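Overview (structure and organization)
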Amino acid sequence: MKIDQLLSQSDFSHADLVNLLACNDADMLLLLEKGKKIKQEYVSNKVFLRGLVELSNTCVKNCLYCGIRCENTKIQRYFLNDDEVLEAVRFALDHNFPSLVLQSGERTDTAFVNRITLLLEKIRKYSNTPIGITLSMGEQSEEVYRRWFDAGANRYLLRIEATNPNLYKKIHPTDTLHDYQKRINSLYLLKKLGYQTGTGVMIGLPFQTLDDLAQDLLFFKKIDIDMVGMGPYVEHPDTPLFQHQAQLLSKEDRMNLSLKMIAILRIMMKDINIAAATALQSLDDLGREKALNAGANVIMPNLTPEKYREGYKLYENKPSTHEEAHDTTTALENRILSTGDTIAYGEQGDSKHFIEKKKIL
Ligand code: SAH
Ligand code: SF4
């Protein structure tokens, strides 16, 4: 099928998706253009900012791709103290983007769960302005998800990483801690509890095919997700998956495939929030701007204090400068303005898809 014909549709079959993902450079430009156009039409050109706080790199899991997996003994483990977190909250408020993402390695012990609960309550009390709080802390029990929701978190990001169970198995250890079905169930739990729920995948993983990526897109639609954060897989030398480095797509191809994924998803799910993932920037300095031009509408400036940045290297070449936290926002603003978009200052930036769904219920 010709690209014009494909792009005149807003629902795609699996075969259509594979064709779009495989399209040549000229067709890709048309695809990205369409992604941007749909974004402007349905969620406007206002980009939501979320201050990203990488709270702790301690993790009980051992994902084969991740630089902070528990068996990586080369890194020093850290946990921000509450004041450091509140400083990031202050920063986001002072710069008029009342929205945060708190991310960390996965822990399910009581001390951790309580600490997060108290921290959420503290943040809520600290600010007179209501703040959107996204958590990204992996798989937890229903009770814990509920406690955190009640304490003030209203969004949760849990990437499925790869929706093909066989691929999931290849990139995770085979044990009960890394269970595909449990991760899927967690997403349904989050939705049920009332979180704005986000998921995503890594793009350009070893063993991954275009069929897999097409399936990923259909999965986002099937579970009616509110937000998506997906970006390129970037290898890390101190991880088991690094041994497959020779079979990876080039960085440029991984970048292009990520942009295609974003544009297609925007066409399929017009009013969701789609993040321009940080990993895009580690492959290409202009990666996030390119994602905005393909249909993404969320950027997460990193507010983690600089001294911890080295410790949160999930992948190689992860940007570690403090550019966005202090020289800020002018640099970031200029980057965003260069795409023709503007910044949605003063807004928490809820997913329009989520808001519309709630109206119907
Ligand atoms: N522990 C939580 C949140 C922190 S990890 C969780 O796993 O859900 C956040 C995301 O980093 C993961 O979902 C994964 O998609 C991404 N990530 C980890 N290693 C990566 C790599 N090598 N390349 C690209 N993304 C990676
Ligand atoms: Fe831990 Fe998340 Fe990294 Fe897996 S991806 S090792 S759960 S931080």
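Residues numbered from 1 in each chain as written. Chains lettered and ligands numbered in written order. Predicted model: local features only at pLDDT ≥ 70, side-chain atom pairs only at ≥ 80, totals over all residues. Heavy atoms only, no water.

Thoughts on the side chain of Asp16
On the secondary structure map, Asp16 appears in helix 2 (residues 14-21). Buried charge Asp16 goes without a salt bridge, the closest partner of opposite sign being Lys221 at 12 Å. A polar contact is formed between the side chain of Asp16 and the backbone nitrogen of Ser13, at a distance of 3.0 Å. Filtering out sequence-adjacent residues up to four positions away, Asp16 remains in contact with Met1, Leu6, Gln9 and Asp11. (Helix = DSSP H or I, 4+ residues; strand = E, 2+ residues; numbered from the N terminus. Buried < 20%, exposed > 50% of the residue type's maximum accessible area, 1.4 Å probe, protein only. Lys, Arg positive; Asp, Glu negative; His and termini not counted. Salt bridge = Lys/Arg side-chain N within 4 Å of Asp/Glu carboxyl O. Polar contact = N/O pair within 3.5 Å; in protein donor to acceptor, adjacent residues only side chain to side chain. Contact = heavy atoms within 4.5 Å.)

Considering the site of ligand 1
In the vicinity of ligand 1 there are 18 residues, among which Tyr65, Arg159, Glu161, Arg183 and Val234 approach most closely. The separation between a nitrogen atom of ligand 1 and a polar main-chain atom of Ser104 is 3.1 Å. Here an oxygen atom of ligand 1 sits 2.7 Å away from a polar atom, N or O, in the side chain of Arg159. Burial of ligand 1 by the protein amounts to 92% of the accessible area it has alone, namely 540 Å². Residue composition of the shell around ligand 1, by class: nine nonpolar, five polar and four charged. (Near = heavy atom within 4 Å. Areas by Shrake-Rupley, 256 points an atom, 1.4 Å probe, with all protein chains shown as cover. Nonpolar A, V, L, I, M, F, W, Y, C, P; charged D, E, K, R; others polar.)

Examining the site of ligand 2
Within the structure, ligand 2 sits among Cys59, Lys61, Cys63, Tyr65, Cys66, Ile68, Arg69 and Gly105. Among the residues making up the shell around ligand 2, the classes are represented as five nonpolar, one polar and two charged.

So, helix 5 (residues 110-126)
In this model helix 5 runs 24 Å from its N-terminal to its C-terminal C-alpha over 17 residues, within 8% of the 24 Å that 1.5 Å per residue would give. Those residues of helix 5 lying buried are Phe112, Val113, Ile116, Thr117, Leu119, Leu120 and Ile123. Looking straight down helix 5, one finds that the buried residues subtend no more than 165° of arc, so they occupy a single side. Turned more than 90 degrees off the buried face of helix 5, the exposed positions are Thr110, Ala111, Leu118 and Lys125. Buried residues along helix 5 sit in contact with strand 2 (51-56), helix 4 (82-94), strand 3 (99-104), strand 4 (132-136) and helix 6 (142-150). (Expected span 1.5 Å × (residues − 1). Arc of directions from axis to C-beta.)

As for the packing of helix 9 (residues 210-222) against helix 10 (residues 251-268)
It is at 11 Å that the axes of helix 9 and helix 10 come closest, and there the two elements cross at 30°. Seen along the crossing, helix 9 lies across helix 10 with a hand that is right-handed. Counting all contacts with helix 9, which are made through Leu210, Leu213, Asp216, Leu217, Leu218, Phe220 and Lys221, the residues of helix 10 involved are Leu257, Met261, Ile264, Leu265 and Met268. Here the contact of helix 9 with helix 10 is composed, by residue class, of 10 nonpolar, no polar and two charged. (Axes fitted to C-alpha atoms, helices over the stretch in contact; angles between N-to-C directions. Left-handed = near helix turned anticlockwise from the far one by under 90°.)

The values are spatial; any link to function lies outside them.
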